[in-house]
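Spelled out, the chains give:
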Amino acid sequence: MTTRLRAPQYRVSRRAVSMWTLGTAVSSVMVTAVLGALVWGVVSAAWSWVPDWLLERAWWIPVIYAGYALVKTVVAPRWRYRVHRWEVTSDVVYTRTGWLSRTWQLVPVSRVQTVDTTQGWLERAFRLATLRVRTASYAGSSTIEGLDADEARRVSEELAVRIGDVGDDAT
Amino acid sequence: MSDREEPEPASGTAEDPPYRCEPDVGSGAREQVPAPESVNRLSPRSMVTAPVKTLKGFIVPIGVALVLGNFNPWVLGGAAAALIGMIATGLFTYLTFRYQVGTQHLEIRQGLISRSRRTIPLERVRGVDITSTLLHRLLGLAVVKVEAAAGGDRDEEGTLDAVTATEAERLRRALLYRRALLRGEVTAPERPEGEPRHATEGESAPAPASAVTGGAPGSGGPETVYFVMPPSWYLYALLSIAYLVTPFAALAAVMGLVGQVVSEAGVTEEALEWLVVHETSLVLWGSVAILATLLLLMPVFAVVSYGVAHWGFTLWRRDGSLVAERGLFTRRSVTLEYRRIRGYELLDSPLERMRGAVRLRAVVTGLGDTATRAMLLPIGARDRVARVIERALEPFRGRLVPHPRAALGRRLIRAVGPFAALAVLGWASGFPVVAGVLAFLALLGVPLGVDRYRSLGHGFDGRRVSVRSGSLRREQAVVGSDAIIGWAWSQSPFQRRSGLANLELAVGAGGGSYTAIDAGFQESVDFAGTITPEMVRPFLVAPHTPDDEPAPDRSRSTEGENGRGSR
């Protein structure tokens with residue numbers, strides 16, 4: 001009981017906050033719209049087996065969800081930005097992810113099988129990228145979201161070289 | 001153990017590529033690797049098994065079509081055509097199928113018009129499984145499955161369905177032996193003829209048992225039998241719920257069939273109604289009798305079906321592999337290389353624990369369908385299983401550290417909470433009976449939660465790591481510390497309050513990971529640090545330093561510690 005894990009050294013790009021906010025906002029609006037449409041359908045159909053008290057209060061569902069989604073859109077990206085950290089040493093890829101629940105992950109570089117960077121359309125718009133490090137176990141695979149695109153590419157290239165030097169994937 | 005180290009030929013230079021094209025055997029470089037075998041065919045008798053196998057898949061649709069079509073000539077003709085087609089396919093397969101064990105590859109060719117040709121590098125062969133169904137065995141045949149890592153993370157299989165049983169065994173030995181040679185794990189015998197060359201018989205020409213990992217094929221090498229199923233162990237079927245409910249599953253199927261027949265035969269609902277109304281007692285007693293018989297027969301069915309699946313379970317070591325063989329009608333043998341065994345799992349249910357029984361499974365890299373194929377022993381007495389582990393594997397000798405007290409509360413909440421909440425909800429909305437049932441379930445959750453807490457633990461004995469969890473299906477995994485390819489801690493807000501975390505060990509074998517649930521966070525960090533110091537130590541700090549010290553948005557420059565070691 002003498003030690004504990006420190007946080008990894010680097011934060012992800014500041015632009016990730018905007019990207020996460022926009023992403024959450026878009027999906028929240030969509031889900032709220034779908035919920036609203038469903039409720040509208042149920043209310044206007046007014047089936048006899050749907051109890052009246054439910055019909056009267058049905059509008060609460062999308063409204064409550066919208067409230068929750070709003071809070072989440074504002075809070076989660078900022079919180080996530082505070083939590084998300086990463087560090088790549090010569091031997092280990094160390095990440096911390098999550099917001100409410102957190103995950104600390106250590107992946108030894110020598111056991112890495114593949115490294116790849118991906119860019120979705122949203123990420124491209126914000127010049128960000130996701131770095132994925134895979135080992136023989138799905139549980140030993142690490143993902144760093146919201147990295148600056150150039151940074152991600154550079155790190156993945158360095159890692160690829162390093163893997164070629166020390167790789168032994170233990171399968 | 002380095003596995004690419006070839007015994008270097010005198011003339012060879014260090015830059016010799018590890019792979020070589022097939023035909024250049026005579027160059028003196030590969031003196032020990034026997035020359036390629038002649039091209040082989042499947043057994044002619046496979047012309048019988050292949051159509052039967054296809055037929056098994058189609059017998060129901062064909063039967064249904066015949067019945068529904070009232071055996072009219074069109075349907076009858078169609079069925080006959082299908083049957084002829086199957087036989088023709090079997091014949092065609094036999095005529096066009098070729099396989100050859102080369103110096104570097106196993107090559108399987110098939111087809112005339114659309115040719116397929118599969119080449120499996122011998123070095124990448126992971127295992128050779130031999131299975132045979134009852135029909136195969138009546139004809140003296142067996143199916144050989146060659147499993148190989150195909151580069152990347154895909155697996156490939158080559159299936160030879162079917163060759164003679166002796167050829168199957170010879171092929172297995174030959175493939176594993178050649179692979180061992182290619183990997184430089186054994187030295188070849190003086191005479192390359194040490195290996196039986198042709199398909200006729202497998203046990204000819206005993207080769208001298210050789211260097212590192214085991215014997216050459218032919219002689220069979222030293223075989224050590226670790227376990228032969230004692231008769232009393234068949235009774236352990238009674239502890240297995242899956243086998244106990246078999247008769248009910250069968251009954252459901254029969255009922256479905258009866259229902260279908262009844263409706264097909266034009267028995268109307270009125271007739272059934274009449275039966276129920278006028279012969280109530282008959283129907284009642286009839287069903288009671290059937291149910292009672294079933295209940296009585298349940299254990300018998302269980303033991304019989306279990307016996308059929310596990311008949312003569314044997315575990316032995318041969319040529320650096322563990323071989324498990326079992327089955328009465330379909331005899332299946334699974335060969336697990338020691339090189340790929342990373343550890344083992346002990347599984348038990350509360351019922352099995354009460355009788356001191358346990359199941360043993362291997363943790364193996366690159367093995368699909370682990371539930372059945374990695375099974376090392378049937379359900380059996382714990383102390384006997386421990387003795388087998390002692391001899392056949394390396395046992396975990398450490399002690400499991402129990403998890404903090406706070407974990408008990410969490411286990412209880414998990415086990416009781418959902419049912420209790422539903423019970424309250426049920427009560428509030430006016431369903432007292434439902435609420436009562438749910439409350440009872442919630443009450444049952446108390447011993448369950450306590451037991452789940454008691455089974456939690458993790459430990460390290462200097463070489464092996466062990467993690468245990470679960471109650472209804474308790475699982476203790478033991479893996480070598482060098483098999484661990486990553487650590488992950490996850491912590492929910494609730495766990496953070498009580499200083500707990502789930503520690504997940506990533507392992508490139510078996511299920512991929514094992515989790516120590518609700519371990520003390522700091523304690524588990526120390527635990528990981530003891531096992532793989534080089535992986536964890538760099539990220540440790542004294543407990544009370546502030547966490548969020550300056551953490552810059554990483555600048556573009558290439559300084560920093562990463563990438564230092566490249567090249």
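Residues numbered from 1 in each chain as written. Chains lettered and ligands numbered in written order. Predicted model: local features only at pLDDT ≥ 70, side-chain atom pairs only at ≥ 80, totals over all residues. Heavy atoms only, no water.

Peer 1: Would you explain the overall build of chain B in this entry?
Peer 2: Within chain B one finds 16 helices and 20 strands. Across the 567 residues of chain B, 42% fall into the buried class. Here the analysis covers contacts within chain B between residues at least 6 apart in sequence; of these, 59% occur between residues at least 24 apart. On chain B, roughly 28900 Å² of surface is accessible, and the fraction owed to carbon and sulfur atoms is 64%. (Helix = DSSP H or I, 4+ residues; strand = E, 2+ residues; numbered from the N terminus. Buried < 20%, exposed > 50% of the residue type's maximum accessible area, 1.4 Å probe, protein only. Contact = heavy atoms within 4.5 Å. Areas by Shrake-Rupley, 256 points an atom, 1.4 Å probe, with all protein chains shown as cover.)

Peer 1: Sorry, what's going on with the side chain of Arg-102 of chain A here?
Peer 2: Within the secondary structure, Arg-102 of chain A is located in strand β5 (residues 102-108). Overall, the relative accessible area of 17% leaves Arg-102 of chain A in the buried class.

Peer 1: Just to check I follow, could you spell out the confidence of the model for chain B for this structure?
Peer 2: Close inspection of predicted coordinates is inappropriate in any region flagged by low pLDDT. All names here are of chain B. In the predicted model, chain B carries a mean pLDDT of 75, and 76% of its residues have values of at least 70. In the predicted structure, residues 1-31 sits below a pLDDT of 50 and forms 33 contacts with residues beyond four places in sequence or in another chain. Confidence drops under a pLDDT of 50 for residues 190-220, and excluding neighbours within four residues, the segment shows 65 contacts in the predicted structure. (pLDDT = per-residue confidence, 0-100.)

Peer 1: In this structure, what is going on with a nonpolar patch on the surface? I would like to understand it.
Peer 2: A grouping of Leu-70, Val-71, Val-74, Val-75, Trp-79 and Leu-100 of chain A is seen on the molecular surface, where their side chains present a nonpolar patch of about 520 Å² in accessible area. Mapped onto the secondary structure, Val-74 of chain A falls in helix α3 (residues 60-83). (Patch = residues over 30% accessible without salt bridge, like charges linked within 9 Å, V, L, I, M, F, W, Y side chains within 5 Å. Salt bridge = Lys/Arg side-chain N within 4 Å of Asp/Glu carboxyl O.)

Peer 1: Would you mind going over the environment of Val-128 of chain B with me for this structure?
Peer 2: Residue and element names in this part refer to chain B. Counting through the fold element by element, Val-128 comes out in strand β4 (residues 125-132). When its relative accessible area of 0% is taken as the criterion, Val-128 is described as buried. Residues in contact with Val-128, not counting those within four places in the same chain, are Val-144, Lys-145, Arg-172, Leu-175, Leu-176 and Thr-335.

Peer 1: What am I meant to see in the pairing of strand β10 (residues 331-337) of chain B here?
Peer 2: The two faces of a sheet get side chains in turn, since along a regular strand they alternate between them. All names here are of chain B. β10 sits mainly inside the fold: six of its seven residues count as buried. Pairing of β4 with β10, which is carried by three bridges, proceeds in the antiparallel orientation. By the bridge assignment, Ser-132 is partnered in β10 with Arg-331. In textbook terms, the turn of a hairpin is the stretch between consecutive antiparallel strands, and for strand β9 (residues 321-326) and β10 this stretch comprises four residues, one of which, Gly-327, has a positive phi near 115 degrees. (Pairing = 2+ DSSP bridges.)

Peer 1: Before we go on, may I ask you to explain helix α8 (residues 280-310) of chain B in this structure?
Peer 2: The periodicity of an α-helix, 3.6 residues per turn, causes residues three or four places apart in sequence to face the same way. Here α8 of chain B contains 31 residues, and its C-alpha end-to-end distance of 44 Å stays within 8% of the 45 Å for a straight helix at 1.5 Å per residue. Backbone geometry just after α8 of chain B places Gly-312 of chain B at a positive phi near 60 degrees. (Expected span 1.5 Å × (residues − 1).)

Peer 1: What is the right way to read the sheet that holds strand β2 (residues 105-110) of chain B from this model?
Peer 2: Two modes of strand pairing occur in sheets, parallel and antiparallel, and in both the strands are linked by backbone hydrogen bonds. Residue and element names in this part refer to chain B. Read from one edge of the open sheet, three strands run β1-β2-β3, paired in antiparallel fashion. Edge positions in the sheet fall to β1 (98-101) and β3 (116-121), since each of these pairs with one other strand and no more. Strand after strand, the sheet turns through a mean of 10 degrees between neighbouring axes, direction not considered. Relative to β3, β2 is paired through six bridges, and the arrangement is antiparallel. (Axes fitted to C-alpha atoms, helices over the stretch in contact; angles between N-to-C directions.)

Peer 1: What should I look at first to understand the packing of aromatic side chains in this one?
Peer 2: Remark: the centre distance and the inter-plane angle together describe each pair of aromatic rings, the angle taken between the planes. Per the counting criterion, the structure on display carries twelve aromatic pairs over all chains. For the ring pair Tyr-10 of chain A and Trp-86 of chain A, a centre distance of 5.3 Å and an interplane angle of 45 degrees mean the geometry is tilted. Residue Tyr-10 of chain A is located in strand β2 (residues 10-11), and its partner Trp-86 of chain A is located in strand β3 (residues 85-88); the two are separated by 76 residues in the primary sequence. The exposure classification of Tyr-10 of chain A matches that of Trp-86 of chain A, with both residues buried. With a centroid separation of 5.6 Å and an interplanar angle of 75 degrees, the aromatic rings of Trp-79 of chain A and Trp-99 of chain A are classed as edge-to-face. With Trp-79 of chain A in helix α3 and Trp-99 of chain A in the loop between β4 (92-98) and β5, this residue pair connects regions lying 20 residues apart in the sequence. The exposure class assigned to Trp-79 of chain A is partly exposed, which follows from its relative accessible area of 31%. The positively charged end of Arg-80 of chain A is found above the aromatic ring belonging to Trp-20 of chain A, 5.8 Å away from the centroid. Positioned over the ring face of Tyr-94 of chain B is Arg-41 of chain B, at 5.5 Å from the centre of the ring. (Phe/Tyr/Trp six-rings, centres within 6.5 Å; stacked < 30°, edge-to-face > 60°. Lys NZ or Arg CZ within 6 Å of the ring centre and 35° of its normal.)

Peer 1: Is there a simple way to explain the pairing of strand β8 (residues 314-318) of chain B in this structure?
Peer 2: Residue and element names in this part refer to chain B. Taking burial as the measure, the five residues of β8 include four buried ones, the bulk of the element. The pairing of strand β7 (residues 223-228) with β8 spans five bridges and is antiparallel. Counterpart to Val-228 in the pairing with β8 is Thr-314. Connecting the antiparallel pair β8 and β9 is a turn made up of two residues, with Asp-319 showing a positive phi of about 50 degrees.

Peer 1: Sorry if this is basic, but what is going on with the pattern of salt bridges here?
Peer 2: Oppositely charged side chains can form a pair if their charged atoms are brought close together. Applying the stated criterion across every chain yields a total of 29 salt bridges over all chains. For Arg-154 of chain A, the salt bridge is made with Glu-158 of chain A, and the minimal N-O distance between the two is 2.8 Å. Taken together, the residues Arg-154 of chain A and Glu-158 of chain A, both in helix α5 (residues 149-166) and four residues apart, mark about one turn of the helix. A salt bridge links Asp-518 of chain B to Arg-410 of chain B; its shortest N-O distance comes to 3.0 Å. Remark: Arg-410 of chain B occurs in helix α12 (residues 406-428) and Asp-518 of chain B occurs in strand β19 (residues 513-520); sequence separation between them is 108 residues. Here Asp-518 of chain B falls in the buried class, since its relative accessible area comes to 0%. The class for Arg-410 of chain B is buried, based on a relative accessible area of 14%.

Peer 1: When you look at unusual backbone geometry in this model, what are you seeing that I'm missing?
Peer 2: Of all residues except glycine, most have a negative phi; of all peptide bonds, most are trans. Cis geometry marks the peptide bond from Asp-161 of chain B to Ala-162 of chain B; its omega dihedral reads 5 degrees. Topologically, Ala-162 of chain B is positioned in strand β6 (residues 155-164). Of note, the phi angle at Arg-127 of chain A is positive, near 55 degrees, even though the residue is not glycine. In this structure, Arg-127 of chain A sits in the loop between α4 (121-125) and β7 (128-134). The backbone of Asp-518 of chain B sits at a positive phi, close to 55 degrees, despite the residue not being glycine.

Peer 1: Before we go on, may I ask you to explain the sheet that holds strand β16 (residues 474-480) of chain B in this structure?
Peer 2: Residue and element names in this part refer to chain B. Spatial strand order, β13-β12-β11-β16-β15-β14: six strands in an open sheet with antiparallel pairing. At either margin of the open sheet sits one strand with a lone partner, and together these are β13 (375-381) and β14 (457-460). Looking at each pair of strands side by side, their axes are set apart by 15 degrees on average, direction ignored. In terms of strand pairing, strand β15 (residues 464-469) meets β16 through six bridges, oriented antiparallel. Residue pairing in the sheet places Ser-466 in a bridge with Val-478 of β16.

Peer 1: Is there a simple way to think about the confidence of the model for chain A in this case?
Peer 2: Averaged over every residue, the pLDDT of chain A is 84; residues scoring 70 or more account for 95%. Element-level mean pLDDT values for chain A span from 76 in helix α2 (residues 52-57) of chain A up to 90 in α3 of chain A.

Peer 1: Where do I start with the environment of Arg-414 of chain B in this structure?
Peer 2: Inspection of the secondary structure puts Arg-414 of chain B in helix α12. Residues Arg-414 of chain B and Leu-448 of chain B, 34 residues apart in the sequence, show an inter-C-alpha distance of 9.9 Å.

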